[in-house]
Amino acid sequence: MMTTDRRGLILGGAALLTVPAAARAQGSSQGAVIDITRARTDPIPIAVPALAGGGGRGADIARVIGANLRNSGLFRPVDNAAFIQSAEAAAATPRFQDWRVIGANALVTGRVEDQGGRLRVEFRLWDVLPEQQIQGTAFTAPAAQWRRIAHLISDVIYERLLGEKGYFDTRIVYVAESGPRDRRTRRLAIMDQDGENNRFLTDGSFQVLSPRFHPNAQQIVFMSYFQNTPRVYLFDLNSGRSEVLGQFPGMTLSPRFSPDGRTVVLSYARNNDANIVAVDVGSRSQRQLTSGNGLDVSPCYNPDGTQIVFNSDRGGDQQLYVMDAGGGGARRISFGRGRYATPVWSPRGDLIAFTRISGGQFGIGVMRPDGSGERILSEGWGMEGPTFAPNGRVLAFYRESQARGARGEGYSARLSQIDITGFNERQIVTPTDATDPSWSPLLA
Amino acid sequence: MNAKILGALGALALLAACSSDDASNAAATGAGGSGGLAGGAGMGSARPGSQEDLVASVGDRVFFDTDSTQVRADGRSTLERQAAWLARYPQVSVYMEGHADERGTREYNLALGQRRANAARDLLVASGVSGQRIQTVSYGKDRPAALGSDEASWAQNRRAVTTVR
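Residues numbered from 1 in each chain as written. Chains lettered and ligands numbered in written order. Predicted model: local features only at pLDDT ≥ 70, side-chain atom pairs only at ≥ 80, totals over all residues.

Novice: Got a sec to walk through the overall build of chain A? Specific residues and values, please.
Specialist: Per the secondary structure count, chain A includes 6 helices and 32 strands. Each principal axis of the C-alpha atoms in chain A carries an extent, and together these give about 70 × 50 × 45 Å. Evaluated residue by residue, chain A yields a buried proportion of 50% over its 444 residues. Partitioning the intrachain contacts of chain A with sequence separation of at least 6 by distance along the chain shows that 48% fall at a separation of at least 24. (Helix = DSSP H or I, 4+ residues; strand = E, 2+ residues; numbered from the N terminus. Buried ≥ 20, exposed ≤ 12 C-beta atoms within 10 Å, placed from the backbone. Contact = placed C-beta atoms within 7 Å.)

Novice: Please give an account of the sheet that holds strand E9 (residues 171-178) of chain A that cites residues and values.
Specialist: Strand order in this open sheet of 4 strands is E11-E10-E9-E32 (chain A), and the pairing throughout is antiparallel. Bordering the open sheet on either side are strand E11 (199-200) and strand E32 (433-439) of chain A, each of which pairs with just one other strand. (Pairing = 2+ DSSP bridges.)

Novice: Any chance you could break down helix H3 (residues 57-72) of chain A for me, citing the residues and the numbers?
Specialist: Residue and element names in this part refer to chain A. Its 16 residues place the ends of H3 23 Å apart at the C-alpha level, agreeing with the 22 Å of an ideal helix rising 1.5 Å per residue. Among the residues of H3, Arg57, Gly58, Ile61, Ala62, Val64, Ile65, Gly66, Asn68, Leu69 and Ser72 are the ones counted as buried. Within two residues after H3, Gly73 carries a phi angle of roughly 80°, on the positive side. (Expected span 1.5 Å × (residues − 1).)

Novice: Give a description of the packing of H3(A) against helix H6 (residues 146-162) of chain A that names residues and reports values.
Specialist: Residues and elements named next belong to chain A. Where H3 meets H6, the closest approach of the two axes is 9 Å, and the angle between their N-to-C directions is 45°. By the angle between their directions, the pair H3 and H6 is classed as oblique. The two elements H3 and H6 cross, and the hand of that crossing is right-handed. Along its contact with H3, which presents Arg57, Asp60, Ile61, Val64, Ile65, Asn68, Leu69 and Ser72, the element H6 presents Trp146, Arg147, Ile149, Ala150, His151, Ile153, Ser154, Ile157 and Tyr158. (Axes fitted to C-alpha atoms, helices over the stretch in contact; angles between N-to-C directions. Parallel < 35°, antiparallel > 145°, perpendicular 65-115°, else oblique. Left-handed = near helix turned anticlockwise from the far one by under 90°.)

Novice: Could you give an account of the pairing of strand E21 (residues 307-312) of chain A, naming the residues involved and the relevant values?
Specialist: Residues and elements named next belong to chain A. Burial analysis of E21 places 5 of its 6 residues in the buried class, the great majority of the element. Connecting the antiparallel pair strand E20 (residues 296-301) and E21 is a turn made up of 5 residues, with Gly305 showing a positive phi of about 75°. Judged from the 6 bridges that link them, E21 and strand E22 (residues 319-324) form a sheet pairing that is antiparallel. Bridge pairing in E22 links Phe310 to Tyr321. Between the end of E21 and the start of E22, which pair antiparallel, lie 6 residues, with Gly316 showing a positive phi angle near 120°.

Novice: Which residues make up helix H4 (residues 73-88) of chain B, and what are the values?
Specialist: Residue and element names in this part refer to chain B. Here H4 is 16 residues long and its end C-alpha atoms lie 23 Å apart, about the 22 Å a rise of 1.5 Å per residue gives. Burial in H4 covers these residues: Gly75, Thr78, Leu79, Gln82, Trp85 and Leu86. One face of H4 carries all of its buried residues, which in axial projection span an arc of 115°. Those residues of H4 that are exposed and angled more than 90 degrees off the buried face are Ala73 and Ala87. (Arc of directions from axis to C-beta.)

Novice: Now, about the interface of chain B and chain A: what can you tell me, with residues and values included?
Specialist: In this complex, chain B contributes 21 residues to the contact, which on the side of chain A involves 32 residues. Looking at the side of chain B that touches chain A, the elements that each hand over two or more residues are helix H1 (2-17), helix H5 (106-126) and strand E3 (134-140) of chain B. When grouped by side-chain class, the residues that make up the side of chain B that touches chain A number 9 nonpolar, 7 polar and 5 charged. (Nonpolar A, V, L, I, M, F, W, Y, C, P; charged D, E, K, R; others polar.)

Novice: I'd like to hear about the pairing of strand E3 (residues 44-47) of chain A, residue by residue, with values.
Specialist: Residue and element names in this part refer to chain A. When E3 meets strand E5 (residues 75-77), the two strands line up parallel, connected through 3 bridges. In the sheet register, Ile44 faces E5, and the bridge partner there is Phe75. As defined by bridge partners, E3 adjoins strand E6 (residues 106-114) across 2 bridges and the pair is classed as parallel. For Ala47, the partnering residue across the bridge sits in E6 and is Leu107.

Novice: I'd like a rundown of the confidence of the model for chain A, residues and numbers included.
Specialist: All names here are of chain A. On average, residues of chain A score 91 in pLDDT, and 91% of them are at 70 or above. Contacts for the low-pLDDT stretch residues 1-12, under 50 throughout, to residues beyond four places or in other chains number 22 contacts. Segment residues 17-30 is flagged for pLDDT under 50; beyond a separation of four residues in sequence, or across chains, it makes 23 contacts in the model. (pLDDT = per-residue confidence, 0-100.)

Novice: Run through unusual backbone geometry, naming residues and quoting values.
Specialist: Residue and element names in this part refer to chain A. Of note in the backbone geometry, Ser254 takes a positive phi value of approximately 45° without being a glycine. Along the polypeptide, Ser254 turns up in strand E16 (residues 251-257). By C-beta crowding, Ser254 is classed as buried, having 30 other C-beta atoms within 10 Å. A positive phi is found at Arg284, a non-glycine position, where the angle reads about 65°. You can see Arg284 is positioned in the loop between strand E18 (273-280) and strand E19 (286-288).

Novice: Outline the domain arrangement of chain A, listing residues and values.
Specialist: Residue and element names in this part refer to chain A. Domains assigned within chain A are domain 1 (2-162) and domain 2 (171-439). Summarising the inter-unit geometry, the C-alpha centres of domain 1 and domain 2 are found 34 Å apart. The greatest single-element share of the side of domain 1 that touches domain 2, amounting to 3 residues, is contributed by H3. A breakdown of the residues in the side of domain 1 that touches domain 2 according to their chemical character gives 1 nonpolar, 3 polar and 4 charged. (Domains from an automatic or database assignment.)

Novice: Kindly report on the sheet that holds E3(B), identifying the contributing residues and their values.
Specialist: Backbone hydrogen bonds hold the strands of a sheet together, and the pairing may be parallel or antiparallel. All names here are of chain B. Here we have 4 strands laid out as an open sheet, ordered E1-E4-E2-E3, and mixed in their pairing. The open sheet is flanked by strand E1 (61-63) and E3, the only strands paired with a single partner. For this sheet the average axis-to-axis angle between neighbouring strands, irrespective of direction, equals 20°. The sheet contacts of H5 involve E1, strand E2 (94-99), E3 and strand E4 (159-164), and relative to E3 the element is tilted by about 150°.

Novice: I'd like a description of the packing of H4(B) against H5(B), backed by residues and values.
Specialist: Helix-helix packing: each pair is described by the crossing angle between the helix axes and the interaxial distance. Residue and element names in this part refer to chain B. The interhelical angle for the contact between H4 and H5, taken along N-to-C directions, is 55°, at an axis separation of 9 Å. Compared by their axis directions, H4 and H5 come out oblique. Judged by the twist between their axes, the crossing of H4 over H5 is right-handed. On the side of H4, the interface is formed by Arg76, Leu79, Gln82 and Ala83, while H5 contributes Ala120, Leu123 and Leu124. Per-class residue counts for the contact of H4 with H5 are 5 nonpolar, 1 polar and 1 charged.

Below, the structure is given as structure tokens:
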């Protein structure tokens, strides 16, 4: 495996020794490899001792891996204080009984080598019960990118033990909010999925909303009030430059890229209607996909780009509709109690996540694309804007707390993530209030 | 009472945000005079044709019921007074801002605010104001006038506000 991302970071993932078929076949019956449908109730106990070498960096990498796995809710890292064999010795030769007796089903070992500004990190994943190596891989990257190596290793562990892709080597773009709500400063911000490496992309001199990633993770489409005119813009992460997307005489909002990145679908509000419009990113040509009475907002493609789910009040109140990507054939899919909004299609195609407002409460839920199987995952005074992790297993969204006083005391807006089973909701820590998260695809 | 104070605070905040525009308006409207306007108790020094003048003379905002984009009867008379005020200051252009309360989702509320701004704009136009002088803009739920999380605050926030450009 050799991958290059667009900023020139080269991550060489060289296979050390792999015995995939045998290890997984055996593991699935008695070892660490398990069926993901069982995983929620039965997190995998895994030991992640410090990787050897690297002058402390090995411990940092192990800590990030352990946190990723724990935060997923699908793994239970064993307390380091219980370890019998030293990390250094385990990196050479694991003594499996030492790991078995402390309850670890899987073990991660490795070694960090500083090659003058670059790190070579070799890691091995072991199935403790059959005493077999499941995976061995080496990554090389600039030393400053050590967190990415930790995330890449986490993704390998996740995929090998759960049988589906991980989501750790990803970022989240969001709106960083500060100041009183009537004079709010809103900036584009980006961070790793675990909240680290937070960085502000705009200076707050103009308001921004609704950032969403391009499928290559190098561009963002968002809405801005630059020069007091609400319009949709493209932002390039490499150059830091933005440009307006198309000339519309009214307001454009709620943009989102198509899965191939060639089209942005958005809502165009003019006069008393808001309609869904597809804008070709290359030619900037526009194609109106809905028309007529109603506010049609928040469009989102399905993974193969053939259908669009959106939010409309054409039937009287806000509901979810699915139509062909070329427009036409819209059919309502939400029929539960309350209003439905902000639909997003899972990258796996199997679910649509949404915000539901019902009985004075906001909730985040999922349903199948035909509207069946609705489940509310989290509910409270205020929450909205779900976004799927690239493997479709986890949602991020933002949660608001109710103001207690007339000056808005007690109000806050924070990012949360939750497993699509409805378990393991946890806050993603950000330096300021945060809204409108959008999860990137896997970076490598 | 409380509503009026909050309204005035909101207008002042907007003024602060557009202060460079106000300077040119002041120069252009110096001869307009405000002699006939009675509503300026406590704000008698408002510059004619300015935002303060609009607020003091006729009121800068109208309110909407939950989920509604219909201007209510009390709002219609406010907009008629705004149209008369704008007729006195033909050089003044305005933004018509649409807003929503916090009990909806952000993107839908942006579209809802746009519809409210349009409804208010259409009534100004029906009262003789040229559509060229009015630019609509929606802030959805993202620029509330009242900061509480209660029915009284939400009623203040479902609004269309006329602001001098």
